[in-house]
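# Observations on chain architecture
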Amino acid sequence: MLVKDHVGLKEYNTFGIEAACRQWITGDDADELLEFVTARALKPGEVFVLGGGSNVLFTADFPGVILRPAMKECAVAGENATEVLVRTGAGVPWDDFVRWAVERGLGGVENLSLIPGHVGATPVQNIGAYGVEVGERVARVEAIDMLRGQKVAIDAETCRFGYRDSIFKGEWKDRFIITHVTYRLSKNPCLRLEYKGVREEVERLGEPSLALVRQAIIRIREHKLPDVKQLPNAGSFFKNPVVETALASRLLESFPDMPLYPAGEGRAKLAAGWLIEQAGWKGRSIGEAAVHDRQALVLVNKGKATGTAILHLANEVKKGVFMKFGVWLEPEVTIL
Ligand SMILES: Cc1cc2nc3c(=O)[nH]c(=O)nc-3n(C[C@H](O)[C@H](O)[C@H](O)COP(=O)(O)OP(=O)(O)OC[C@H]3O[C@@H](n4cnc5c(N)ncnc54)[C@H](O)[C@@H]3O)c2cc1C
């Protein structure tokens, strides 16, 4: 376990924001981390668990402890005729796990290729892309409960996965340090090509297979999303708003081209990127903070933006969308 005081966080967040924490802890032994947390009587709120920092915005120095789980194992934990259970350490880069699965012919996560970040964050965010959410594949989450000072195993149902949401963002926010996630992967994968543009890209590459789905998704993403090394960002800054169908229908009368997706009974999902673009914010900047010119959902740091500058831009975008559509956007990114 490594413990350091006053650590700069710029290289640990993909927005490239200059911030620091009072203390930094990283380790790959869950018992040691538990001992550290209990010995110091650290409470939720005094500790922030950081993965790859690809979905956080620091708007100030963090006055407490940043804890970064570094468990790196990835091993088969069980199987039956159709599925394999794979137990993976929270510190494994997510895309390394996806590659591992695809190379072994195990299906279920290939549509989630190239999403930045670590395994530990995937159940928190219920990451999703191209018609698939990780919650469909999570069997079990192992974690340290900072409130009770003990290790726990949490089943998928208890995680209450929703659209970019889970119990770890709601009722249990900041309470657990996820140390391992066990995923259920398919031995006979059923390829998911229905999302717009995926089938076309896969078929362009050849006969559909797990490897080609992964390749196609990587190509689409590399074409669509700004590279964090060149233009620091945290992916989609906002969630797609889910509204009552009555409101969606009223909006459709005024904006007949508005994209709309079913989101369960009586609900519809709007495309936040489209709303931002229509509100006139695509490509606009305030100082060093900008709305990306190809992907309006992505806010970028043009170089020297502070966290508060990005937050100010986000709030202006929210206001603009509300003024035009009467819908408030909610951030997907964790703001500190
Ligand atoms: C270019 C780009 C593209 C992206 N595309 C997508 C996409 O297609 N789909 C998608 O869903 N997301 C996407 N994201 C967002 C991001 O990659 C995911 O949300 C990812 O899961 C965040 O992982 P992380 O390890 O970086 O988490 P962090 O940013 O470090 O943390 C995010 C949240 O999870 C919590 N957390 C992290 N690790 C743990 C842990 N071990 N235990 C408990 N809590 C933890 C943190 O406290 C924080 O609240 C994208 C981001 C970027 C920069």
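Residues numbered from 1 in each chain as written. Predicted model: local features only at pLDDT ≥ 70, side-chain atom pairs only at ≥ 80, totals over all residues.

### A word on the overall build of the protein
Along the protein, the regular secondary structure elements total 8 helices and 20 strands. Whereas a compact globule of 336 residues would reach a radius of gyration of roughly 20 Å, the protein reaches 20 Å, a difference of no more than 12%. Dimensions of the protein along its principal axes, counting C-alpha atoms only, are 60 × 50 × 40 Å. Every one of the 336 residues in the protein was classed for burial, and the buried ones make up 41%. (Helix = DSSP H or I, 4+ residues; strand = E, 2+ residues; numbered from the N terminus. Rg over C-alpha atoms; globule rule 2.2 N^0.38 Å. Buried ≥ 20, exposed ≤ 12 C-beta atoms within 10 Å, placed from the backbone.)

### Digging into the nonpolar core
Nonpolar side chains in soluble globular proteins tend to end up buried together. Among the nonpolar cores identified, the biggest contains 90 residues, and Leu57, Ile177, Ile178, Phe237, Ile276, Leu299 and Ile310 are the most heavily contacted of them. Those residues in contact with Leu57 that sit more than four places away from it in its chain are Phe15, Ile17, Ala234, Gly307, Ile310, Leu311, Val333, Ile335 and Leu336. (Core = buried A, V, L, I, M, F, W, Y, C linked by C-beta atoms within 7 Å. Contact = placed C-beta atoms within 7 Å.)

### Considerations on the sheet that holds strand β18 (residues 289-291)
The strands making up a sheet associate through hydrogen bonds between their backbones, and the pairing can be parallel or antiparallel. Read from one edge of the open sheet, 4 strands run β13-β19-β18-β17, paired in antiparallel fashion. Among the strands making up the open sheet, the edge pair consists of β13 (233-236) and β17 (285-286). Sheet analysis places β17 next to β18, joined by 2 bridges and oriented antiparallel. By the bridge assignment for β18, Ile286 is matched with Ala289. (Pairing = 2+ DSSP bridges.)

### Concerning the sheet that holds strand β3 (residues 47-49)
In space, the 4 strands of this open sheet follow the order β1-β2-β5-β3, with mixed pairing throughout. Two strands in the sheet have a free side with no partner beyond their single neighbour: β1 (2-8) and β3. Mean inter-strand twist for the sheet, computed between neighbouring axes without regard to direction, equals 30 degrees. Relative to strand β5 (residues 62-69), strand β2 (residues 20-27) is paired through 6 bridges, and the arrangement is parallel. Looking at β5, one finds that Thr26 is bridged to Arg68. (Axes fitted to C-alpha atoms, helices over the stretch in contact; angles between N-to-C directions.)

### Comments concerning the packing of helix α4 (residues 198-205) against helix α5 (residues 210-224)
Geometry of a packed helix pair, given as the angle between the helix axes and the separation of the axes. It is the contact of α4 with α5, at a shortest axis distance of 9 Å, that shows an interaxial angle of 115 degrees. Crossing of α4 over α5 shows right-handed handedness. Listed contacts from α5 to Val198, Glu201, Val202 and Leu205 of α4 are Leu212, Val213, Gln215, Ala216, Arg219 and Ile220. Looking at the contact of α4 with α5, its residues break down into 7 nonpolar, 1 polar and 2 charged. (Left-handed = near helix turned anticlockwise from the far one by under 90°. Nonpolar A, V, L, I, M, F, W, Y, C, P; charged D, E, K, R; others polar.)

### Quick look at α5
Helical periodicity: at 3.6 residues per turn, an α-helix aligns residues three or four positions apart in one direction. With 15 residues, α5 should reach 21 Å at 1.5 Å per residue; the first-to-last C-alpha distance of 21 Å fits that figure. Listed in full, the buried residues belonging to α5 are Leu210, Val213, Arg214, Ala216, Ile217 and Ile220. Angularly, the buried residues of α5 cover 165 degrees about the axis, an arc narrow enough to put them on a single face. Across from the buried face of α5, at angles greater than 90 degrees, the exposed residues are Glu222 and His223. In this fold, the buried residues of α5 make contact with α2 (94-103) and α4. (Expected span 1.5 Å × (residues − 1). Arc of directions from axis to C-beta.)

### Things to note about the pairing of strand β11 (residues 150-155)
Note that strand β10 (residues 138-145) and β11 share 6 bridges and pair antiparallel. Along β11, the bridge assignment pairs Ile144 with Lys151. Taking the residues that link successive antiparallel strands as the turn, the β10-β11 hairpin has 4 residues, and the phi of Gly149 there is positive, at about 65 degrees.

### Some thoughts on the site of the ligand
As a structural note, the neighbourhood of the ligand is formed by 33 residues, with Gly51, Gly52, Gly117, Gly120 and Gly235 the closest of them. In the shell around the ligand, the residues fall into 18 nonpolar, 15 polar and no charged. (Near = placed C-beta within 6 Å.)

### Focus: the domain arrangement of the protein
The assigned domain composition of the protein is domain 1 (2-69), domain 2 (74-224) and domain 3 (233-335). Spacing between the C-alpha centres of domain 1 and domain 3 amounts to 29 Å. Contacts between the two partners involve 12 residues from domain 1 and, on the opposite side, 13 residues from domain 3. Here the residues of the side of domain 1 that touches domain 3 are counted per class, giving 7 nonpolar, 5 polar and no charged. (Domains from an automatic or database assignment.)

### Topic: the pairing of strand β12 (residues 176-186)
With 10 of its 11 residues buried, β12 lies for the most part within the structure. Pairing geometry for strand β7 (residues 83-89) and β12, over 7 bridges, is antiparallel. Its bridge partner being in β12, Glu83 is matched across the sheet by Ser186. With 7 bridges connecting them, β10 and β12 associate as antiparallel partners. If you follow Ala143 over to β12, its bridge partner there is Ile178.

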